[in-house]
Amino acid sequence: MTVKAYPCLFLLLILLFTGCNSKDESVYYHTKLAIFKTSANFKYNYTKELGAEISARLDSFDLSLNPFNNNSIIYKVNNNIDVEVDDYFITCFNKAQEIAALTDGVYDITAAPLINLWGFGFQKMDSVTPEAIDSLKQFVGYEKVNLEAGRVVKKDPRLQLNMSSIAKGYACDVIADLFDSYAIEDYMVEIGGEVRAKGKNPNGNLWKIGIASPLDDKSGAVSGTQETLSLDNYALATSGNYRNYYIKDGKKYAHTISPKTGYPSESNLLSASVIYPDCMTADAFATAFMALGIDKAEELAKQIPELSYLFIYEDANGDLKSLKVKK
């Protein structure tokens, strides 16, 4: 596993790290790794450094859910190679299917072929045709795949799974569970901008996480903090459209592709941040809310116990607004 630092896309971590607390000979350690082509940061108060244990746990996770790893379970599933799925895969798959049902298929881990058709940033927009979309929609749909006796069963062998919208959050939970197994009371886990935190930071305060301001700047050169949130044994995940969109006939289309229509979503919702007890659920809901748009997202969010959220959006005049609900 390569040790490397990558910039986070949507969150600005405000990690007040000005010293190390001492408690029963424990100190705050900071382990940096990389997984799923993004950064991973782990800060924890313990009696020894746990880099090897963290790396081993993430390597095992990667072998389950990384679609770009030729030896992973999900890669074999996507290439119709017979394989028995593991607990990581089952947990992630079941949660994704649960949220797909709650959103009537607007959130869907089988939508990768449609996303690839458009290309990241809509590079292939001019070549997309209604015929191509209709062709791909034949094997896109969460109801066309299920688990039976430890194996994935597809209604169409061309169906592909991509759990990137939920796997990073789940990886945060996996490492949090590792820390809990060591009875660590103070830690912060961050993978690609998704965060789970418990206890206090080195200054004795709650871990503070900054939500990036969704400035209308595709380059990412302009940035700022829209709001700072404190986490008390909760997880935080953010999804945003503000640097991935295109404008056609005066309308802004998000980078989120609707698996229901096969076309980009038209939405004034710029980012959705979700606070929830586990990061896997928070990660999936953040993505789902972006696909739903602010009105339907707010309606669904109100129905989920313990789910707090921050929506940043543009009003009819193009002014930046935010909607925050804490449960």
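Keep in mind the model is a prediction, meaning the values are calculated, not measured.

(A) Inspection of the sheet that holds strand β2 (residues 27-35) at higher detail. Pairing is antiparallel in the open sheet, where eight strands are placed in the order β2-β3-β6-β7-β10-β14-β15-β16. Because the sheet does not close on itself, it has two edges, and the strands there are β2 and β16 (320-325). Taken over all neighbouring pairs, the strand axes of this sheet differ in orientation by 10° on average, direction set aside. Contacts from helix α7 (residues 279-292) reach β7 (194-198), β10 (234-240), β14 (269-276) and β15 (308-314), with the element oriented near 160° to β14.

(B) Spotlight on α7. In a regular helix each residue adds 1.5 Å, so 14 residues correspond to 20 Å; α7 covers 20 Å between its end C-alpha atoms and thus fits that length. Within α7, 13 of the 14 residues are buried, which leaves the element mostly enclosed by the surrounding structure. Two or three places before Met280, at the opening of α7, Asp278 has a side-chain oxygen 3.3 Å from that residue's backbone nitrogen. One or two positions beyond α7, positive phi appears at Gly293, with a value near 90°.

(C) Broad picture of helix α1 (residues 51-65). Its 15 residues place the ends of α1 21 Å apart at the C-alpha level, agreeing with the 21 Å of an ideal helix rising 1.5 Å per residue. Regarding α1, the residues found buried are Gly51, Ile54, Ser55, Leu58, Phe61, Asp62, Ser64 and Leu65. Each element contacted by the buried residues of α1 is listed here: β2, β3 (38-46), α2 (73-78), α3 (87-102), α6 (164-181) and β6 (187-191).

(D) Representation of the nonpolar core within the structure. Phe42, Ile54, Phe89, Leu161, Met163, Phe179 and Phe289 are the most contacted members of the largest nonpolar core, which has 69 residues in total. At 11 residues, the largest contribution of residues to this core is made by α7. Those residues within four positions of Phe42 in sequence are excluded, and the remaining contacts are Tyr29, His30, Thr31, Leu33, Ile54, Leu58, Ile175, Phe179, Met188, Val189 and Ile191. Residues Tyr28, Trp207, Ile209 and Leu231 belong to the second largest nonpolar core, which totals 13 residues.

(E) Highlighting the packing of aromatic side chains. In the structure shown here, the tally under the stated rule is 12 aromatic pairs. Taking the centre distance of 6.1 Å and the plane angle of 15° together, the rings of Phe89 and Phe93 count as stacked. Linking Phe89 with Phe93, this pair stays in helix α3, spanning four residues, or about one helical turn. Here a set of aromatic residues connected by ring pairs shows up, and it is made of Tyr29, Tyr44, Phe179 and Tyr187. A cation over a ring is seen here: Lys37 above Phe68, with NZ or CZ 4.7 Å from the ring centre.

(F) Here's a closer look at unusual backbone geometry. Even without a glycine there, the phi angle at Ala149 is positive, about 50°. Note that Ala149 resides in the loop between β4 (145-148) and β5 (151-154). Here Ala149 falls in the exposed class, since its relative accessible area comes to 78%. We note that Asn233 has phi near 60°; this positive angle belongs to a residue other than glycine. Relative to the assigned elements, Asn233 resides in the loop between β9 (225-231) and β10.

(G) Fine view of the pairing of β10. Burial runs high along β10: six of the seven residues are buried. Where β7 lies against β10, three bridges are found, and the strand directions are antiparallel. Looking at the pairing, Ala197 lines up with Tyr234 of β10. Sheet analysis places β10 next to β14, joined by six bridges and oriented antiparallel. Each residue of the ladder has a partner; that of Ala237, found in β14, is Val274.

Conventions used here
Residues numbered from 1 in each chain as written. Predicted model: local features only at pLDDT ≥ 70, side-chain atom pairs only at ≥ 80, totals over all residues. Heavy atoms only, no water. Pairing = 2+ DSSP bridges. Helix = DSSP H or I, 4+ residues; strand = E, 2+ residues; numbered from the N terminus. Axes fitted to C-alpha atoms, helices over the stretch in contact; angles between N-to-C directions. Contact = heavy atoms within 4.5 Å. Expected span 1.5 Å × (residues − 1). Buried < 20%, exposed > 50% of the residue type's maximum accessible area, 1.4 Å probe, protein only. Polar contact = N/O pair within 3.5 Å; in protein donor to acceptor, adjacent residues only side chain to side chain. Core = buried A, V, L, I, M, F, W, Y, C linked by side-chain atoms within 4.5 Å. Phe/Tyr/Trp six-rings, centres within 6.5 Å; stacked < 30°, edge-to-face > 60°. Lys NZ or Arg CZ within 6 Å of the ring centre and 35° of its normal.

Read these as layout, nothing more, since geometry by itself doesn't imply function.
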